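Observations on chain architecture
Residue-level listing of the chains:
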Amino acid sequence: MNDALSLALFSGTADKLHAAATIAAGAAALGRPVNILLQYWALDAFRVERIETNLGLSYDSMGEGTSVPVAGAAKIPWLETFRMAKELGDMTIQACSGSLETLGLDAGRLDPIVDGPCGIAAFLMAAEGGQILFI
Amino acid sequence: MNDALSLALFSGTADKLHAAATIAAGAAALGRPVNILLQYWALDAFRVERIETNLGLSYDSMGEGTSVPVAGAAKIPWLETFRMAKELGDMTIQACSGSLETLGLDAGRLDPIVDGPCGIAAFLMAAEGGQILFI
Amino acid sequence: MNDALSLALFSGTADKLHAAATIAAGAAALGRPVNILLQYWALDAFRVERIETNLGLSYDSMGEGTSVPVAGAAKIPWLETFRMAKELGDMTIQACSGSLETLGLDAGRLDPIVDGPCGIAAFLMAAEGGQILFI
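What comes next is a walk through the structure. Computed from a predicted model, the values in this text were never measured in an experiment.

What follows is about the overall build of chain A. For chain A, the helix and strand inventory stands at five helices and five strands. Overall, chain A shows an N-to-C arrangement of helices and strands of β-α-β-α-α-β-α-β-α-β. Taken over C-alpha atoms, the radius of gyration comes to 15 Å for chain A, in line with the 14 Å a tight globule of 135 residues would show. For chain A, the residues scored as buried account for 61% of the 135 residues in total. Split by element, the accessible area of chain A, about 4800 Å² in all, is 54% carbon and sulfur. Taken together, the 8 basic and 15 acidic charged side chains of chain A have centroids lying 4 Å from each other.

See below:
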């Protein structure tokens, strides 16, 4: 058995990143290794120019009568939760090489919380036998 | 091995809740324990005031030429499927404590199908060694 | 242990289908069996009339300052990646029977890359003991 928790993180809105960070922090606090692969809009959210901006909420928040947080998306502490998780335990955050290419991004434009680029095969090999989530 | 199926349920539209309920009911019918943690918009959908309303469809339904169900989202039997799953087998539906706080909700305002609040660590511990999905 | 990777594929936008296809191709390249169940909008995207059209991008792409691919969604090679994955290894793509009914579709209207209809219980039984993702 592999007790690592692997997250293929695709979404880039503050609410979904917060849910992901909460799960990552919970696993790290339990002493489990956490491996995160940033794809598409999650990768884009970790660019230096965007990471401290208001990333908005997912489309689900626009349903009739939803309980949108009073302070809106700007105050959702998704980044702080990822930083805390990284300090708590053994967590890596890597940028999917294919998504870097698709979005035309350079790994050097990402926030230093990102450890570096990673291919999908290496990510899947590290995840094998453990739990993996797509978020 | 843990044969439980755990769902971190984030989304609150009728179509995604229906897909989740179908998977949960399938696992329950196979005799597997099912543990569901409601986060964000899924949690919001289980409020007494919203659970019987039209929760709409996900953004994917708005693509060009999609086959939207004739009766629309209002008739998608997501709640009936969850109720059936709960009767079929061993299924718990819990409210993520962190999401209750973020959305400013009280657990008492949730439909009785929700068993109570639960922290992320307890959810992850129950899920360990089994399958876990983020929906 | 079951080394199969199972994907419950719900989303039907080009970016999310591409992320799914990349993961499927990576697993197939590593020699792992891959089982895909198409639900809702992913199923709808595999209809003969839609599979070669522009399926658009997910709502996340509409956030402020996102790095939308220069060529837009039309050029994202999600279908080519699925076709390649199927040639690379042992991959099945099946249509969820329940979603066929909900959307009013006939399995005969799907692209031949789809192997046939499948119930949720059969999908879960094949996935048991392995990794499963909801995308």
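There is more to say, and it comes next.
Next up on the list: the relation of the copies chain B and chain A. Taken as rigid bodies, chain B and chain A are interconverted by a rotation of 120° and an axial shift of 0.0 Å, the fit giving an RMSD of 0.0 Å. Overall, the copies show the geometry of a three-fold rotation axis.

A few words now on the pairing of strand E1 (residues 5-9) of chain C. Residues and elements named next belong to chain C. Among the five residues in E1, five count as buried, and that is most of the element. Neither face of E1 is exposed, since Leu5, Leu7 and Leu9 on one face and Ser6 and Ala8 on the opposite face are all buried. Bridge analysis of E1 against strand E2 (residues 34-38) gives five bridges, and the strand direction is parallel. If you follow Leu5 over to E2, its bridge partner there is Val34. Taking the sense of rotation as the criterion, the β-α-β connection linking E1, helix H1 (residues 14-29) and E2 turns out right-handed.

Let's shift gears to the packing of helix H1 (residues 14-29) of chain B against helix H3 (residues 78-88) of chain B. All names here are of chain B. Their axes nearest at 8 Å, the elements H1 and H3 cross at an angle of 15°. With respect to H3, the element H1 is oriented roughly parallel. Crossing of H1 over H3 shows left-handed handedness. Between H1, through Ala14, Leu17, His18, Ala20, Ala21, Thr22, Ala24, Ala25, Ala28 and Ala29, and H3, the contact on the second element is made entirely by Trp78, Thr81, Phe82, Met84, Ala85 and Leu88.

The way to describe two aromatic rings as a pair is by their centre distance and the angle between their planes. All chains considered together, the criterion is met by 21 aromatic pairs over all chains. Taking the centre distance of 6.1 Å and the plane angle of 85° together, the rings of Trp78 of chain B and Phe82 of chain B count as edge-to-face. Here Trp78 of chain B pairs with Phe82 of chain B, and both are found in helix H3, just four residues apart, close to one helical turn. The two residues Trp78 of chain B and Phe82 of chain B agree in class, both being buried. Aromatic side chains Phe10 of chain C and Phe134 of chain C sit 5.7 Å apart centroid to centroid with 35° between the ring planes, which places their arrangement in the tilted category. Of this pair, Phe10 of chain C sits in the loop between E1 and H1 while Phe134 of chain C sits in strand E5 (residues 131-134), placing them 124 residues apart in sequence. Judged by its relative accessible area of 0%, Phe10 of chain C is buried. Within the aromatic cluster, the residues linked to one another by ring pairs are Phe10, Tyr40, Trp41 and Phe134 of chain A.

With that settled, the discussion passes to the interface of chain C and chain A. Contact with chain C, which involves 30 residues of that partner, is made by 30 residues of chain A. Buried surface at the junction of chain C and chain A, summed over both partners, amounts to about 2400 Å²; 66% is from carbon and sulfur atoms. Here chain C is connected to chain A by one salt bridge. Between Glu128 of chain A and Arg32 of chain C there is a salt bridge, with the nearest N and O atoms lying 4.0 Å from each other. Here chain C is connected to chain A by 10 residue pairs in polar contact (both at pLDDT 80 or more). Contributing elements (two or more residues each) for the side of chain C that touches chain A: H1 and E5 of chain C.

Residues and elements named next belong to chain A. Under the defined criterion, the tally for this structure stands at 18 salt bridges over all chains. The closest approach of N and O atoms between Arg47 and Glu49, which form a salt bridge, is 3.2 Å. Look at Arg47 and you get buried, because its relative accessible area is 6%. With a relative accessible area of 46%, Glu49 lands in the partly exposed category. Salt bridges linked by common partners bring Asp44, Arg47, Glu49 and Arg50 together as one network.

Residue and element names in this part refer to chain A. Even without a glycine there, the phi angle at Tyr40 is positive, about 40°. Structurally, the position occupied by Tyr40 is in helix H2 (residues 40-45). Here Tyr40 falls in the buried class, since its relative accessible area comes to 1%.

All names here are of chain B. In this model, H1 (16 residues) spans 22 Å end to end at C-alpha, consistent with the 22 Å of a helix rising 1.5 Å per residue. In terms of residue burial, H1 counts as a mostly covered element, since 15 of its 16 residues are buried. Directly beyond the C-terminal end of H1, a positive phi value near 85° is found at Gly31.

Our next topic: the sheet that holds strand E2 (residues 34-38) of chain A. Residues and elements named next belong to chain A. Across the sheet, five strands lie side by side as E4-E3-E2-E1-E5; this open sheet has parallel pairing. Among the strands making up the open sheet, the edge pair consists of strand E4 (116-118) and strand E5 (131-134). Each strand axis lies, on average, 30° off the axis of its neighbour in the sheet, ignoring direction. In this sheet, strand E3 (residues 91-96) lies alongside E2 in parallel orientation, the contact comprising five bridges. Paired with Val34 across the two strands is Met91, which belongs to E3.

About the criteria used
- Along each chain, numbering runs from 1 in the same order as the chain's sequence is written.
- Whichever chain is written first is A, and whichever ligand is written first is 1; the rest continue in order.
- It should be noted that, the model being predicted, local features are given only for residues of pLDDT at least 70 and side-chain atom pairs only at 80 or more, the latter also being counted only at that level, while totals for whole chains, interfaces and linings use all residues.
- Note that the side-chain values use all heavy atoms of the structure and ignore hydrogens as well as water.
- Secondary structure counts use DSSP, requiring at least four H or I residues in a row for a helix and at least two E residues in a row for a strand, with both numbered from the N terminus.
- We take the radius of gyration over the C-alpha atoms and set the globule estimate at 2.2 Å times the residue count to the 0.38 power.
- Three labels apply to residues, based on accessible area from a 1.4 Å probe with only protein chains included: buried if under 20% of the type maximum, exposed if over 50%, partly exposed otherwise in between.
- Every accessible area reported is derived by Shrake-Rupley at a probe size of 1.4 Å, with residue values counting cover from the shown protein chains alone.
- In this tally Asp and Glu are treated as negative and Lys and Arg as positive; neither His nor the chain ends contributes.
- Note on charges: their place is set at NZ of Lys, CZ of Arg, CG of Asp or CD of Glu.
- The copies were overlaid with a least-squares fit restricted to C-alpha atoms from residues scoring a pLDDT of at least 70 in each copy.
- By this definition, two strands are paired if DSSP reports at least two bridges between them.
- Classification remark: right-handed applies to a crossover when, strands pointing away from the viewer, the course from the first strand over the helix to the second runs clockwise.
- Axes, fitted as lines to C-alpha atoms, cover a helix only where it is in contact. Angles between the N-to-C directions of the axes lie from 0 to 180 degrees.
- Any angle that falls under 35 degrees is termed roughly parallel, while one over 145 is termed roughly antiparallel, one within 65 to 115 roughly perpendicular, and all others oblique.
- Should the near helix be turned counterclockwise from the far one by less than a right angle, the crossing is left-handed, whereas a clockwise turn marks it as right-handed.
- Any two residues having at least one pair of non-hydrogen atoms within 4.5 Å are treated as being in contact.
- For Phe, Tyr and Trp, rings pair up if their centres lie within 6.5 Å, where Trp contributes its six-membered ring, and each pair is then called stacked (planes under 30 degrees apart), edge-to-face (over 60) or tilted (otherwise).
- Buried area is calculated as the accessible area (1.4 Å probe) missing from two parts once they are joined, with the contributions of both summed.
- By definition here, a salt bridge exists when the distance from a side-chain nitrogen of Lys or Arg to a carboxyl oxygen of Asp or Glu is within 4 Å.
- Two N or O atoms count as a polar contact when they lie within 3.5 Å, although within protein this holds only if one can serve as hydrogen donor and the other as acceptor, and sequence-adjacent residues are included solely when both atoms are side-chain atoms.
- In a helix, the anticipated span is given by 1.5 Å times the number of residues less one.

Function-wise, these values are silent; they only describe arrangement.
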